[in-house]
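The residues making up each chain are set out below.
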Amino acid sequence: NDLENILELTDAILSDVRDASEFHKGFIPRSIHIGLKGDFAPWVGALLVDVNQNIILVCNNGEELESITRLSRVGFDNVIGFVEGGFDAWKNAEKEVDTINRITSEQFAADVKIGEDKVIDVRKESEYAAEHVEEAYSKPLAYINDWVKDINPEEHFFMHCAGGYRSMIAASILQARGYRNFTEIEGGFAAISKTDL
């Protein structure tokens with residue numbers, strides 16, 4: 001119960017730095033996911049913004065020091081702790097667990113109705129301009145704080161990036177804010193471009 005008390009008493013953000021492939025299967029509710037293996041520091045800086053933000057880490061055993069070091073390199077020195085035993089300890093204590101609805105690119109290609117279904121592409125504008133899923137909306141991850149308010153919680157959408165790293169960050173932010181009516185695509189545009197779409 002320590003974690004629940006700390007979250008209640010502070011404005012701490014739960015930062016889950018495990019891989020997207022692990023994170024989507026189960027995480028502590030309201031965790032923000034930014035994977036350690038990827039552009040970790042730039043995305044922490046871009047999305048958490050306030051360097052004085054209190055942070056509690058959820059990581060795999062042995063990754064605590066690396067996570068703390070990489071956060072402090074970009075000025076985030078307020079790591080107030082980490083979840084002992086990581087996510088598994090939380091799950092084994094039979095606490096509430098959340099998941100992200102993630103599907104394969106093949107499943108997406110089979111399910112999506114272009115022109116009817118909403119598809120959100122969270123890559124940079126330049127990546128979107130080069131090539132994108134027909135009729136997809138360009139909503140770069142860097143501007144999620146601006147475009148999140150335009151999302152209709154009643155309307156389902158599919159979401160992808162280039163390879164699945166950024167879309168999982170976006171997915172965690174959306175769910176932390178109560179938006180759940182979406183499906184994230186594993187492997188992103190790289191995988192989608194190999195399908196019949």
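Located above this text is the structure these notes cover.
Given the structure is predicted, the values throughout are model-derived calculations rather than measurements.

Can you help me understand the sheet that holds strand 1 (residues 13-16) in this one?
Note: strands within a sheet are paired through backbone hydrogen bonds, in either parallel or antiparallel orientation. In space, the four strands of this open sheet follow the order 2-1-3-4, with parallel pairing throughout. Each having just a single partner strand, strand 2 (32-33) and strand 4 (79-82) make up the two edges of the open sheet. Bridge analysis of strand 1 against strand 3 (residues 55-58) gives four bridges, and the strand direction is parallel. Bridge assignment links Ser15 to a residue of strand 3, and that residue is Leu57.

What's the story with the side chain of Asn54 in this structure? I'm lost.
Along the chain, Asn54 falls in the loop between helix 3 (40-48) and strand 3. Setting aside residues no more than four positions away along its own chain, Asn54 makes contact with Thr10, Asp11, Ala12, Ile13, Asn78 and Ile80.

What is the right way to read the environment of Leu197 from this model?
On the secondary structure map, Leu197 appears in the segment after helix 10 (188-192). The spatial distance from the C-alpha of Leu197 to the C-alpha of Glu131 is 12 Å, given a sequence separation of 66 residues. Leu197 has contacts with Phe108, Ala109, Val112, Ile114 and Ile192, leaving out every residue within four places of it along the chain.

I tried to follow the packing of helix 3 against helix 9 (residues 165-176) on my own but got confused; where do I start?
The relative placement of two packed helices comes down to the angle between their axes together with the axis-to-axis distance. Viewed as axis vectors pointing N to C, helix 3 and helix 9 meet at an angle of 35°, and their least axial separation amounts to 12 Å. Crossing angle aside, the handedness with which helix 3 passes helix 9 is right-handed. Facing helix 3, whose interface residues are Phe40, Trp43 and Leu47, helix 9 presents Tyr165, Arg166, Ile169 and Ile173.

Help me understand the packing of helix 3 against helix 4 (residues 64-73), please; the structure alone is not making it clear to me.
Contact pair helix 3 / helix 4: the axes reach a minimum separation of 9 Å and the direction vectors enclose 55°. Between helix 3 and helix 4, the angle is such that the two are oblique. Handedness of the helix 3/helix 4 crossing: right-handed. Residue-level inspection shows Phe40, Ala41 and Val44 of helix 3 in contact with helix 4, the latter providing Ser67, Arg70 and Leu71. Residue classes in the contact of helix 3 with helix 4 are distributed as four nonpolar, one polar and one charged.

Any chance you could explain helix 9 here in plain terms?
Since the α-helix advances by 3.6 residues per turn, residues separated by three or four positions end up pointing in the same direction. End to end, helix 9 covers 17 Å across 12 residues, agreeing with the expected 16 Å (1.5 Å per residue, within 8%). Of all 12 residues in helix 9, 11 are buried, a share of seventy percent or more. Within helix 9 the residues assigned to the buried category are Tyr165, Arg166, Ser167, Met168, Ile169, Ala170, Ala171, Ser172, Ile173, Leu174 and Gln175. At the C-terminal side of helix 9, Gly178 shows a positive phi close to 95°.

I keep staring at the nonpolar core and nothing clicks. Help me out?
Across soluble globular proteins, nonpolar side chains have a tendency to be buried as a group. Ranked by internal contacts, the top residues of the largest apolar core, which has 38 residues, are Ile144, Met159 and Leu174. For this core, the secondary structure elements donating two or more residues are helix 2 (20-23), helix 3, strand 3, helix 8 (144-147), strand 8 (157-160) and helix 9. Tallying contributions element by element places helix 9 first for this core, with seven residues. Apart from the residues lying within four places of it in its own chain, the contact partners of Ile144 are Leu47, Ala170, Ile173 and Leu174.

I would appreciate a short explanation of the packing of aromatic side chains in the present structure.
Ring pairs (aromatic) are described by centroid distance and by the angle formed between their planes. Evaluated as defined, the whole model comprises three aromatic pairs. Look at Phe23 and Phe27: their rings are 4.1 Å apart centre to centre, the planes differ by 15°, and that puts the pair in the stacked class. Residues Phe108 and Phe158 carry aromatic rings whose centres are separated by 5.0 Å and whose planes lie at 65° to one another, so their mutual orientation is edge-to-face. One end of the pair, Phe108, is in helix 6 (residues 105-111); the other, Phe158, is in strand 8, with 50 residues separating them in the sequence. A relative accessible area of 6% places Phe158 in the buried class. The ring of Trp90 carries the charged tip of Lys95 above its face, separated from the ring centre by 5.9 Å.

Rules used throughout
- Residues numbered from 1 in each chain as written.
- Predicted model: local features only at pLDDT ≥ 70, side-chain atom pairs only at ≥ 80, totals over all residues.
- Heavy atoms only, no water.
- Pairing = 2+ DSSP bridges.
- Helix = DSSP H or I, 4+ residues; strand = E, 2+ residues; numbered from the N terminus.
- Contact = heavy atoms within 4.5 Å.
- Axes fitted to C-alpha atoms, helices over the stretch in contact; angles between N-to-C directions.
- Left-handed = near helix turned anticlockwise from the far one by under 90°.
- Parallel < 35°, antiparallel > 145°, perpendicular 65-115°, else oblique.
- Nonpolar A, V, L, I, M, F, W, Y, C, P; charged D, E, K, R; others polar.
- Expected span 1.5 Å × (residues − 1).
- Buried < 20%, exposed > 50% of the residue type's maximum accessible area, 1.4 Å probe, protein only.
- Core = buried A, V, L, I, M, F, W, Y, C linked by side-chain atoms within 4.5 Å.
- Phe/Tyr/Trp six-rings, centres within 6.5 Å; stacked < 30°, edge-to-face > 60°.
- Lys NZ or Arg CZ within 6 Å of the ring centre and 35° of its normal.

These results come straight from atomic positions and should not be treated as a statement about function.
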